[in-house]
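Residues per chain are reported as follows:
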Amino acid sequence: EIKGLTRAGRRALELGDARGALGCFRKALRLSGGTASPRLRRVCAFNLGAAYVETGKPEKGLEFLLQSQPSEGESEEHLADFYFNIGAAHEGLQDFPKALKYFGKASGHDGAAQAGSRAGTRVQMGCCYLGMREPVRAARCFLEAARTYAAAASPEATAVALSRASSSMLQSRRFRAAEIAGVLAQCRSLCDSLPDPALRGKLYNDIGLGYSQLHIFSLAAESFEQALALCRDEPDRRGEAALLQNLGAAHNALHSFGTALGWHRRAAALHSRSHQQLTLLVLLEVLAQDGAPCPSPIPGALGNRRAQGQCFGNLAYACSRLGNHEAAAENYLHALQAFRDSGDVQGQWQACEGLGAAWFHLRDPQKAIGHYKEAL
């Protein structure tokens, strides 16, 4: 009966039925208490503890995992699993130094384990280093994991590890642009062969954001278009709106302002159809005129109204560069209202600055001065 409950619990976990899985493992642990096998009780405690950790209850999971301490003579694989799950519990509790200690112990016992297990441990260590704000170490862990996954012929896991590595490398500002571009290129080369369209779309978007931060906007635009083609059939169109916004921003940076107009308009229209709060990965790349420094890319936008304001701001900038200053002024006004609605102060002064420039070109210095004062 215990074996059957254990199998049922694992199936439930695979199907995402956390409640059902925990119920099976709890019952198996109760039944194991009536047996004469301490090892069986340890195995059942381990299964329940690992399930609690996997379902987002690390404190409860740690309680049962500590009851499953392996005895001397246990196999290396069991020791590696035990230490890995103890590490995962501490990671869930955000005790990253202790988590790293146990992940390190897991690595020391996984010599005979499958490559995927070794790489998975490196990924978790990378996540801990990110939690400790050490992106250089995180990047190295993700790169090592990618190499191990690649050796095990696991392209999906390799691509995800490369994507996380590139993001950490960019965050650290300690790697050369050529190194980061190389990692992005490796990740991109794997994407076409991945069977999961949702994963491919996410990776292409992340790759585009990476190229944008490197100012390689032609490859960024190509990556965003590849991501866009994979999300058009999704019922929730918020991801599509973010990609359209990214595409428009990339074409602004390429000075392809005529092409950019269409992307900006489509993005603004889609953002206007939803008012739910969410975090979207977007790129705001409004290049300043006359050699003035441009603001850094903003990696996320909170709420569709703010994202819509960014679209109008990008659209206004494209209009101004095409010499259509009336359209620029109109869209900067739309942007200003959206930023006011969402409480984005930086967006408000940028829109006011844009309005000042538009009215200056429209030969109305009084209005221009008024907007520049408002920006100040």
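Residues numbered from 1 in each chain as written. Predicted model: local features only at pLDDT ≥ 70, side-chain atom pairs only at ≥ 80, totals over all residues. Heavy atoms only, no water.

With that settled, the discussion passes to the overall build of the chain. If you tally the helices and strands in the chain, you get 18 helices and two strands. C-alpha atoms of the chain, sized along the principal axes, occupy 90 × 40 × 40 Å. For the chain, with 376 residues in total, the buried portion stands at 50%. Look at the contacts in the chain between residues 6 or more apart in sequence, and 53% of them connect residues 24 or more apart. Total accessible area computed for the chain in this model is approximately 18700 Å², and 51% of it derives from carbon and sulfur atoms. (Helix = DSSP H or I, 4+ residues; strand = E, 2+ residues; numbered from the N terminus. Buried < 20%, exposed > 50% of the residue type's maximum accessible area, 1.4 Å probe, protein only. Contact = heavy atoms within 4.5 Å. Areas by Shrake-Rupley, 256 points an atom, 1.4 Å probe, with all protein chains shown as cover.)

Quick look at helix α6 (residues 96-108) now. For α6, which comprises 13 residues, the first-to-last C-alpha distance of 18 Å matches the rise-based estimate of 18 Å (1.5 Å per residue) to within 8%. Those residues of α6 that fall on the buried side of the exposure criterion are Phe96, Ala99, Leu100, Tyr102, Phe103 and Ala106. On its buried side, α6 packs onto α5 (76-92) and α7 (115-131). (Expected span 1.5 Å × (residues − 1).)

A few words on the packing of aromatic side chains. By the definition in use, this model includes five aromatic pairs. Their ring planes at 15° and their centres at 5.9 Å tell us that tyrosine 52 and phenylalanine 64 sit as a pair that is stacked. With a gap of 12 residues between them, tyrosine 52 in helix α3 (residues 38-54) and phenylalanine 64 in helix α4 (residues 58-66) connect regions that are remote in the sequence. Here the two residues tyrosine 52 and phenylalanine 64 agree in accessibility, since each one is buried. Site record: aromatic cluster; members linked through ring pairs are Phe82, Tyr83 and Tyr102. The ring of tryptophan 359 has lysine 367 lying over it, and the distance from NZ or CZ to the ring centre is 4.2 Å. (Phe/Tyr/Trp six-rings, centres within 6.5 Å; stacked < 30°, edge-to-face > 60°. Lys NZ or Arg CZ within 6 Å of the ring centre and 35° of its normal.)

For helix α1 (residues 2-14), which comprises 13 residues, the first-to-last C-alpha distance of 19 Å matches the rise-based estimate of 18 Å (1.5 Å per residue) to within 8%. The set of residues buried in α1 consists of Ile2, Leu5, Thr6, Gly9, Ala12 and Leu13. Each buried residue of α1 sits inside an arc of 125° when the element is viewed along its axis, so together they form one side. Among the exposed residues of α1, those oriented more than 90 degrees off its buried face are Lys3, Arg7 and Glu14. (Arc of directions from axis to C-beta.)

Looking now at the domain arrangement of the chain. Domain parsing of the chain yields domain 1 (113-229) and domain 2 (251-285 + 303-375). Computed over C-alpha atoms, the centres of domain 1 and domain 2 are 32 Å apart. (Domains from an automatic or database assignment.)

This part covers the nonpolar core. By size, the foremost hydrophobic cluster in this structure holds 89 residues, and its most contacted members are Met169, Ile180, Leu203, Phe224 and Leu228. If one sorts the elements of this core by residue count, helix α8 (residues 135-151) sits on top with nine residues. Counting contributing residues per domain, this core is built from domain 1 (113-229) and domain 2 (251-285 + 303-375), each supplying no fewer than three. In this structure, methionine 169 is in contact with Ala139, Leu143, Arg174, Phe175, Glu179, Ile180 and Val183, ignoring residues within four places of it in sequence. Of all hydrophobic cores here, the second largest spans 15 residues; its members include Leu13, Leu22, Leu29 and Tyr52. (Core = buried A, V, L, I, M, F, W, Y, C linked by side-chain atoms within 4.5 Å.)

Turning our attention to unusual backbone geometry. The residue glutamine 94 is not glycine, and still its phi comes out positive at about 60°. Relative to the helices and strands, glutamine 94 is located in the loop between α5 and α6.

Attention now goes to the side chain of glutamine 308. Relative to the helices and strands, glutamine 308 resides in helix α15 (residues 304-321). When residues no more than four places from it in sequence are discounted, the contact partners of glutamine 308 are Ala268, His271 and Ser272.

Before going further, it helps to spend a moment on the pattern of salt bridges. Applying the stated criterion across every chain yields a total of 11 salt bridges. One salt bridge in this structure joins arginine 122 and glutamate 144, with 3.2 Å as the shortest N-O distance. Of this pair, arginine 122 sits in helix α7 while glutamate 144 sits in helix α8, and the two are 22 residues apart along the sequence. Using a relative accessible area of 32% as the deciding quantity, one classes glutamate 144 as partly exposed. Of the charged contacts in the structure, one is a salt bridge between arginine 306 and aspartate 344, with a shortest N-O distance of 2.8 Å. With arginine 306 in helix α15 and aspartate 344 in the loop between α16 (325-342) and α17 (345-361), the pair connects residues that are 38 residues apart, well separated along the chain. Assessed through its relative accessible area of 11%, aspartate 344 is described here as buried. (Salt bridge = Lys/Arg side-chain N within 4 Å of Asp/Glu carboxyl O.)

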